[in-house]
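An overview of the molecular structure
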Amino acid sequence: MKSFNNEKVSASVTDEQTECAASQKREERLRKFRELHFKRNEARKLNHKEVVEEDKRLKLPTNWEAKKARLEWELMTDEKKKECAAKGEDYDRVKLLEISAEDAERWERKKKKKNPDPGFSGYAEAQLRQYQRLTKQIKPDMDGYERQREQCGEDFHPTSNSLIHGTHIPSKEGIDRMVEDVEKQIEKRAKYSRRRAYNDDADIDYINERNAKFNKKAERFYGKYTAEIKQNLERGTAV
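Per-chain numbering applies: the sequence of each chain, read as written, is numbered from 1 onward. Selection of residues for local features in this predicted model requires a pLDDT of at least 70, selection of side-chain atom pairs for listing and counting requires 80 or more, and totals for whole chains, interfaces and linings are taken over all residues. Derived side-chain values reflect all non-hydrogen atoms in the structure, with water molecules and hydrogen atoms excluded from consideration.

Right, let's talk about the overall build of the protein for a bit. The helix and strand tally for the protein stands at eight helices and zero strands. Here a helix means four or more residues in a row that DSSP labels H or I, a strand means two or more in a row labelled E, and each is numbered from the N terminus. Along the chain direction, N to C, the helices and strands of the protein fall in the order α-α-α-α-α-α-α-α. When contacts within the protein are restricted to residue pairs at least 6 apart in sequence, those whose partners lie at least 24 apart make up 15%. Method for areas: the Shrake-Rupley scheme with a 1.4 Å probe, in which residue coverage is limited to the protein chains shown. Carbon and sulfur atoms provide 54% of the accessible area of the protein, an area that totals close to 23800 Å². It only takes one pair of heavy atoms within 4.5 Å for two residues to be counted as in contact.

Below you can see the structure in the form of structure tokens.
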């Protein structure tokens, strides 16, 4: 009887342990299920947020990112200028100190790649480029400026009552510089390719302008080899 009771007790203990293990497994599964449910909700929220952001980006102009970066750079530059002004420093010098040698070389290579002369687009643009080119070559003579200022006195800054017409006499050095510059312009202008004048007496061996250019190129490269054949055809003695 005693052994039967012991077996019964051990069986009940085993059942309790089995129920406890099953309960733990169930709790573990429920916990994992809640975690997966939470992760799914988080992923859904993030996806919805990304969709909304993408829709906003698509509705913006095509160059919005570049404009935004430009505006941020301008704001940062203004703040830096204000800081330098408050400290009494020169912003240009501070900016140069922050530029690395690699960036400076890269910008210099970019400048060299750019074509400084875009070509002829109009007389006004050509005149503006000529003016900018000439003004860059000017080297101010501060000594001559001070001498002229002392000589003119109050008339150096003329008013409506000042009469200074015909009183200025250019110096010999200034005249020499002007002559040298004009000679350089004439020499440079002489190197430009001019349109060749049309010769009325020349033989017409073309049907249009394009064919005329082609014939000139053919004559330049193969004229010495076909000169005799051409002469025979003109005389009518070709075999």
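A grouping of K213, K216, K217 and R220 is seen on the molecular surface, where their side chains present a positively charged patch. Within the element layout of this structure, K213 appears in helix α8 (residues 209–235). Patches draw on residues past 30% relative accessible area with no salt bridge. Two like charges within 9 Å are joined, as are two nonpolar side chains (Val, Leu, Ile, Met, Phe, Trp, Tyr) within 5 Å. Any Lys or Arg side-chain nitrogen located within 4 Å of an Asp or Glu carboxyl oxygen qualifies as a salt bridge. When charges are counted, Lys and Arg contribute as positive and Asp and Glu as negative, whereas His and the chain ends are disregarded. Think of each charge as sitting on NZ of Lys, CZ of Arg, CG of Asp or CD of Glu.

It is worth spelling out the pattern of salt bridges at this point. Two side chains with opposite charge may pair up if their charged atoms get near one another. The final tally for this structure, using the stated rule, is five salt bridges. With a closest N to O distance of 2.8 Å, R31 and E35 form a salt bridge. Of this pair, R31 and E35 both sit in helix α1 (residues 2–59), separated by four residues, roughly a single helical turn. Linked through salt bridges whose partners overlap, the residues forming this network are E28, R31 and E35.

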